[in-house]
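Coordinates in review
Next come the chains, spelled out residue by residue.
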Amino acid sequence: MSDRGQFDFIIVGGGSAACVVASHLVGRAKARVLLIERGPAKASPIIDIPAGYMKFLAKDTYLAMHKTAPQPQLDGRGPIVPQGRVLGGGSTVNAMVYMRGQPGDYARWNAAVTAPGAANDGAWSYEDMLTYFRAQEDNDHLADTFHGVGGPLKVSHLGHTSPMTRTYVKTLQGMGIPYNPDFNGASQFGAGFMQHTIDWATRRRCSAVTAFLAPVMRDPRLTIVTDATVTGIRIEQGRAVGVGYLQGGSRHKAEAGTEVILAAGAYQTPKLLMLSGVGPEDELSRHGIAAKVVLPGVGRNLQDHYECPVVATTRGSFGYYRQDRGWPMIKAGLQYLLFGTGPASTTGVETCAFFDPTGSSAEPTIQMFCVPTVYLDRDVMGTDPGDGVTINSLLLRPKARGRVTLASTDPLADPIIDTQIFGHPDDLATTMAGFRFARQVLAAAPLRDLIDKEIFPGPAVTNDQAIAAHCRRTVKTGYHPVGTCRMGHDADPEAVLTPDLRVRGIEGLRVVDASIMPAIVSGNTNAAVLAAAGKAADLILHS
């Protein structure tokens, strides 16, 4: 086993949170940092074009395609759940949506870290997090209480929207859902166009690598190791002192003088803790792993966003069907290269609406996307792709909680992911309400003037039993897993982390990725992860 030497900090994972924390530790603290990423150092340049990510959605080129445990409540289905596997993680491969969530989401975080009867200091409140959102942001047209200018993260609106997108937004306004020009502003409720992490000047993706890591990439204090898998955290006398990892078939070790920081994501971070002897006693003993610290919450509290579709064909081409082949693709490519405009400058998912279809919540419970094409695979839908529209109703705050456990002690084996999709009856009921509302949107003016007919699940699917079966058959991940090493107060038996993100019972070990969230935020999670990592960097530097 070769020794890579001594560092001040070792960061396990190279995704959004890792890039933010590394940039602060190297740039501000002048610390020696080793960052270890299991994927490659670079992705195809195509993925930096806003429309380019769609070329890789169903491939394992830069995604780890985790299989999940069969779900009895989904009639035995076990949907695939991908995770970014490349430097920059999800920020390198995602749809670039910049969505912070609602103030209530962070109030729930703050409540989770405040012990009963203790004074609430607002450490994880929306007001506190807003400081980090604004400091990171360089918005192309907004500069106010909610938005920053001059930060490293470029945020803008898309350079192109389709006729279907614009019609969808107008239709919802006619149905009583108001236009919202800024989902990251005073209120999330309404319909509008989403902001994206795209540089307005170049019309290219602004990933966490571009925004945060690139400025310190040439600093000799930063060492980046890619295509490497961390096999375990070395814990001696109750302190994390380093890690072991595999790269190119060889074993290596590295030592951390100050801290080991886990940023491997909501699936891999709890797996690594358990492999290192930190986790639920029954899970460790099941695999013959000696317990260093018993923490029942490791791997528990898994949450994700889940969505179900309704699909209709249209009476003409109002979206992006066949825009990625032949002459349309060549024309779009030339327009993008010459002017930075046209279909290649869009992610294809340009708009959404936040609302509560049941009318029982003061906060939106559904994020409803309009995809201006037939979006589902033929194997699922049974119909060939074509000109059309797919409306996906995404459940914002599921009540069910899943779990991540070990498949074996092999560090190269993926963990077992029990999603518990629709494991709580309210989750299915809210999703069905969103589905019914999506049908009302298709039938409302002016969108109905573009619609030919519903093709999936089809107009015959009307009663509760049939709609529920459709949702169970088609529900898929929103690519936002969180919560498996949640922070909490001292009296919470399943809190893995302290409010300052230290792993309980182990010195010199923290978690900074999406695992920390006590509750999922209401919207695409990358923005929240970036801001939380900014706060984590401050906590580390001031400790």
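Because the structure is a prediction, the values reported are computed rather than measured. (Residues numbered from 1 in each chain as written. Predicted model: local features only at pLDDT ≥ 70, side-chain atom pairs only at ≥ 80, totals over all residues. Heavy atoms only, no water.)

Points about the side chain of Gln102
With respect to the helices, strands and loops of the structure, Gln102 is situated in the loop between helix H2 (90–93) and helix H3 (103–112). What makes Gln102 buried here is its relative accessible area of 5%. Within the structure, the side chain of Gln102 is placed 3.2 Å from the side chain of Ser522, a separation counted as a polar contact. Ignoring any residue separated from it by four or fewer positions in sequence, one finds Gln102 in contact with Gln188, Glu363, Pro364, Leu396, Arg397 and Ser522. (Helix = DSSP H or I, 4+ residues; strand = E, 2+ residues; numbered from the N terminus. Buried < 20%, exposed > 50% of the residue type's maximum accessible area, 1.4 Å probe, protein only. Polar contact = N/O pair within 3.5 Å; in protein donor to acceptor, adjacent residues only side chain to side chain. Contact = heavy atoms within 4.5 Å.)

Points about the UniProt feature "domain: Glucose-methanol-choline oxidoreductase N-terminal" (unreviewed entry) in the protein chain
Mapped onto the present numbering, the UniProt feature "domain: Glucose-methanol-choline oxidoreductase N-terminal" (unreviewed entry) falls on residues 84–107 and 265–279. Taken end to end, residues 84–107 is 38% helix and 4% strand, and its two terminal C-alpha atoms sit 28 Å from one another. Between the end C-alpha atoms of residues 265–279 there is a gap of 16 Å, over a span that is 73% helix and 13% strand. (UniProt positions renumbered as here; feature names shortened; annotations may be inferred.)

Considering helix H12 (residues 464–474)
A turn of α-helix holds 3.6 residues, and therefore any two residues three or four places apart point the same way. Here H12 has its buried residues at Ile467, Ala468, His470, Cys471 and Thr474. Taken down its axis, H12 places every buried residue within 155° of arc, on the same side. Its side-chain oxygen 3.2 Å from the backbone nitrogen of Gln465, Asn463 forms the N-cap of H12. (Arc of directions from axis to C-beta.)

Brief notes about the side chain of His480
As for its placement among the helices and strands, His480 is situated in the loop between strand S23 (476–477) and strand S24 (509–511). With a relative accessible area of 8%, His480 lands in the buried category. A polar side-chain atom of His480 sits 2.8 Å from a polar atom in the side chain of His305. The residues contacting His480, other than those within four sequence positions of it, are Gln303, Asp304, His305, Ile520, Gly523, Asn524 and Thr525.

With respect to the packing of helix H11 (residues 425–442) against H12
Interaxial distance between H11 and H12 falls to 10 Å at its minimum, and their mutual angle equals 100°. Here H11 lies roughly perpendicular to H12, going by the angle between them. Along its contact with H11, which presents Leu428, Thr431, Met432, Phe435, Arg436 and Arg439, the element H12 presents Asp464, Ile467, Ala468, His470, Cys471 and Arg472. Class assignment of the residues belonging to the contact of H11 with H12 gives a composition of six nonpolar, two polar and four charged. (Axes fitted to C-alpha atoms, helices over the stretch in contact; angles between N-to-C directions. Parallel < 35°, antiparallel > 145°, perpendicular 65-115°, else oblique. Nonpolar A, V, L, I, M, F, W, Y, C, P; charged D, E, K, R; others polar.)

Side note on the environment of Tyr98
Considering the arrangement of structural elements, one finds Tyr98 in the loop between H2 and H3. With a relative accessible area of 3%, Tyr98 lands in the buried category. On a C-alpha basis, the gap between Tyr98 and Leu394 in space is 16 Å, while along the polypeptide they are 296 residues apart. In this structure, Tyr98 is in contact with Phe133, Glu137, Leu153, Val155, Asn184, Gln195, His196, Thr197 and Ala527, ignoring residues within four places of it in sequence.

A closer look at the UniProt feature "binding site: FAD" (unreviewed entry) in the protein chain
Feature annotation in UniProt places "binding site: FAD" (unreviewed entry) on Val86, Asn94, Ala95, Met96, Val97 and Val230, given in this structure's numbering. The greatest C-alpha distance among the annotated residues, which extend across 145 residues, is 29.7 Å, indicating that they are dispersed rather than converging on a single site. Within the fold, Ala95 resides in the loop between H2 and H3. When sequence neighbours within four positions are dropped, the list of residues in contact with Ala95 reads Tyr53, His196 and Thr347. A residue is classified by how much of its surface remains accessible, and Val97, at 6% relative accessible area, is buried. Ignoring any residue separated from it by four or fewer positions in sequence, one finds Val97 in contact with Met194, Gln195, His196 and Asn524.

A look at helix H13 (residues 526–541)
The end-to-end C-alpha separation of H13 is 23 Å, in line with the 22 Å expected for 16 residues at 1.5 Å each. Along H13, 14 of the 16 residues are buried, which leaves the element largely enclosed by surrounding structure. (Expected span 1.5 Å × (residues − 1).)

A look at unusual backbone geometry
The phi torsion of most residues other than glycine is negative, and most of the peptide bonds are trans. Here Ala445 and Pro446 are connected by a cis peptide whose omega angle stands at 0°. Here Pro446 is to be found in the loop between H11 and strand S22 (451–456). Cis rather than trans, the peptide bond between Phe456 and Pro457 has omega equal to 5°. Within the element layout of this structure, Pro457 appears in the loop between S22 and H12. Positive phi values are uncommon outside glycine, yet Gln237 reaches one of about 50°. Along the chain, the position of Gln237 falls in the loop between strand S11 (228–236) and strand S12 (239–247). On the basis of relative accessible area, Gln237 is assigned to the exposed category, the value being 86%. Phi at Gln420 is positive, roughly 60°, even though this residue is not glycine. Its place among the elements puts Gln420 in the loop between strand S21 (416–418) and H11. Gln420 gets classed as partly exposed once you look at its relative accessible area, which sits at 23%.

Some words on the pairing of strand S17 (residues 351–355)
Counting buried positions along S17 yields five of five residues, so the element is predominantly enclosed. Of the two faces of S17, the one holding Thr351, Ala353 and Phe355 and the one holding Cys352 and Phe354 are both buried throughout. As paired strands, strand S7 (residues 190–193) and S17 are joined by four bridges and run antiparallel to one another. If you follow Phe193 over to S17, its bridge partner there is Thr351. With five bridges connecting them, S17 and strand S18 (residues 366–371) associate as antiparallel partners. (Pairing = 2+ DSSP bridges.)

Overview of the packing of helix H4 (residues 126–136) against H13
Running from amino to carboxyl end, H4 crosses H13 at an angle of 100°, the nearest separation of the two axes being 9 Å. Classified by the interaxial angle, the pair formed by H4 and H13 is roughly perpendicular. Here Asp128, Met129, Tyr132, Phe133 and Gln136 of H4 lie close against H13, whose contacting residues are Ala527, Ala528, Leu530, Ala531, Ala532, Gly534, Lys535 and Asp538.

Remarks on the packing of aromatic side chains
Following the criterion strictly, the structure yields eight aromatic pairs and no others. Look at Phe56 and Tyr62: their rings are 5.4 Å apart centre to centre, the planes differ by 55°, and that puts the pair in the tilted class. The burial state of Phe56 is the same as that of Tyr62; both residues are buried. The rings of Tyr106, Trp109, Trp124, Tyr126 and Phe133 are connected pair by pair, giving a single aromatic cluster. Note that Lys59 overlies the ring of Phe56, its terminal NZ or CZ placed 5.9 Å from the centroid. (Phe/Tyr/Trp six-rings, centres within 6.5 Å; stacked < 30°, edge-to-face > 60°. Lys NZ or Arg CZ within 6 Å of the ring centre and 35° of its normal.)

Considering the environment of Pro116
Tracing the sequence through the fold places Pro116 in the loop between H3 and H4. The class of Pro116 is exposed, set by a relative accessible area of 70%.

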